[in-house]
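An overview of the molecular structure
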Amino acid sequence: AILELEEMTVDEIMIPDNELHAINLDDPWPKVVAALRACPYPRVPLYRSQLDNLAGILPLSRIADLLDGGTPDAARLAALADEPFFVPEGASVHG
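Here's what I pulled together on the structure shown here. (Residues numbered from 1 in each chain as written. Predicted model: local features only at pLDDT ≥ 70, side-chain atom pairs only at ≥ 80, totals over all residues. Heavy atoms only, no water.)

Before going further, it helps to spend a moment on unusual backbone geometry. Positive phi, normally seen in glycine, also occurs at Ser49, with a value near 75°. Among the residues examined, Ser49 registers a relative accessible area of 55% and is labelled exposed. (Buried < 20%, exposed > 50% of the residue type's maximum accessible area, 1.4 Å probe, protein only.)

Let us now look at the pattern of salt bridges. In total, this model carries three salt bridges according to the counting rule given. Across the pair Asp82 and Arg62 runs a salt bridge whose closest N-O atoms are separated by 2.8 Å. With Asp82 in the segment after helix H5 (74-79) and Arg62 in the loop between strand E3 (54-59) and helix H4 (63-66), the pair connects residues that are 20 residues apart, well separated along the chain. With relative accessibility at 33%, the residue Asp82 sits in the partly exposed group. Relative accessible area serves as the criterion here: at 27%, Arg62 is assigned to the partly exposed category. (Salt bridge = Lys/Arg side-chain N within 4 Å of Asp/Glu carboxyl O. Helix = DSSP H or I, 4+ residues; strand = E, 2+ residues; numbered from the N terminus.)

Turning next to the pairing of E3. Looking at chain direction, strand E2 (residues 43-47) and E3 are connected through five bridges and run antiparallel. Of the residues in E3, the one forming a bridge with Val44 is Leu58. Once E2 ends, the chain turns through six residues before running back antiparallel as E3, passing Ser49 with a positive phi of about 75°. (Pairing = 2+ DSSP bridges.)

Below you can see the structure in the form of structure tokens.
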């Protein structure tokens, strides 16, 4: 198994765009909330307009912070997200 990781590249484990669960911050707020509720993963990518315009990676554990004071909206949601980490497709998984 370890030998397989040494030979595996990032593009072999990437999730195809059409299977990715991501949230468009430009969508109406009720649609964003529905997408958050339906997310089966602990982190969700946030984007604007198209997937290539990644705004951040949101740990869903931070959603409670969104409810602390003020009206929840896409800008406050994006502020809770971590900066995306980009890895070249051909990079080795092992390091």
